[in-house]
Amino acid sequence: MKLKITDDEMEFLKQSNYIEREYSDVAMEDSIHAWSFAVKYRHCITRQFIRTIHLELLLNLNPQISGSFREIQVGVQTKEGFREGLHWTKIEDALDELCKITPMTEEDIKDWH
């Protein structure tokens, strides 16, 4: 399923890919698919929701890691280093609060695919 994506959203996805040094059409197609999924199910942010977005983003680029969480520190870094509040020991730690929202069901996932 693909939702209508605005020009601003397309530019956002393009720039997001560029940040990751991804310039291919395949990367853009995966980004569009992941964005459509995220918009459709934005009301139920869970671990499965995040994993499914990651799966959609990396399905063609790196299937070995698509849909899985990193086991190392993840953060946002500036020239000055990590900024307080912008990194977590593991991404799953940051999801604990978000996962209190209505969970996505298996039916939602099957409906998406």
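Because the structure is a prediction, the values reported are computed rather than measured.

Cut-off values and rules
Residues numbered from 1 in each chain as written. Predicted model: local features only at pLDDT ≥ 70, side-chain atom pairs only at ≥ 80, totals over all residues. Heavy atoms only, no water. Helix = DSSP H or I, 4+ residues; strand = E, 2+ residues; numbered from the N terminus. Buried < 20%, exposed > 50% of the residue type's maximum accessible area, 1.4 Å probe, protein only. Expected span 1.5 Å × (residues − 1). Axes fitted to C-alpha atoms, helices over the stretch in contact; angles between N-to-C directions. Parallel < 35°, antiparallel > 145°, perpendicular 65-115°, else oblique. Left-handed = near helix turned anticlockwise from the far one by under 90°. Contact = heavy atoms within 4.5 Å. Nonpolar A, V, L, I, M, F, W, Y, C, P; charged D, E, K, R; others polar. Phe/Tyr/Trp six-rings, centres within 6.5 Å; stacked < 30°, edge-to-face > 60°.

Colleague: Help me understand unusual backbone geometry in this model?
Modeller: With glycine set apart, most residues show a phi of negative sign, and most peptide bonds adopt trans. Its identity as a non-glycine residue notwithstanding, Arg-21 has a phi of 60 degrees, on the positive side. You can see Arg-21 is positioned in the loop between helix H1 (7-19) and helix H2 (25-40). With relative accessibility at 67%, the residue Arg-21 sits in the exposed group.

Colleague: Even after reading the chapter, I still don't get H2, so can you show me in this structure?
Modeller: Note on helix geometry: an α-helix contains 3.6 residues per turn, so any two residues three or four positions apart are oriented the same way. The terminal C-alpha atoms of H2 lie 23 Å apart, and with 16 residues this matches the ideal 22 Å at 1.5 Å per residue to within 8%. Of all the positions in H2, only Ala-27, Met-28, Asp-30, Ser-31, Ile-32, Ala-34, Ser-36, Phe-37 and Ala-38 are classed as buried.

Colleague: For this particular structure, what's the right way to read the packing of H1 against H2?
Modeller: In helix packing, the relevant descriptors are the interaxial angle and the interaxial distance, both defined with respect to the helix axes. Packing of H1 against H2 brings their axes to within 10 Å, and their N-to-C directions diverge by 125 degrees. As summarised for this structure, H1 and H2 are arranged oblique, according to the angle between their axes. You can see that H1 and H2 cross each other, and the crossing is right-handed. Contacts between H1 and H2 involve Glu-9, Met-10, Phe-12, Leu-13, Lys-14 and Asn-17 from the first element and Ala-27, Met-28, Ser-31, Ile-32 and Trp-35 from the second. Grouping the constituent residues of the contact of H1 with H2 by class yields seven nonpolar, two polar and two charged.

Colleague: Help me understand the packing of aromatic side chains, please; the structure alone is not making it clear to me.
Modeller: Here a ring pair, both rings aromatic, is described through the centre-centre distance and the interplanar angle of the planes. Applying the stated criterion across every chain, the model contains four aromatic pairs. For the pair Tyr-18 and Tyr-23, a centre-to-centre distance of 5.0 Å together with 45 degrees between the ring planes defines the contact as tilted. The exposure class assigned to Tyr-18 is partly exposed, which follows from its relative accessible area of 34%. Summarising the aromatic geometry, the rings of Phe-37 and Tyr-41 are spaced 5.0 Å apart at their centres and angled 50 degrees between planes, so their arrangement reads as tilted. Just as Phe-37 is buried, Tyr-41 falls in that class too.

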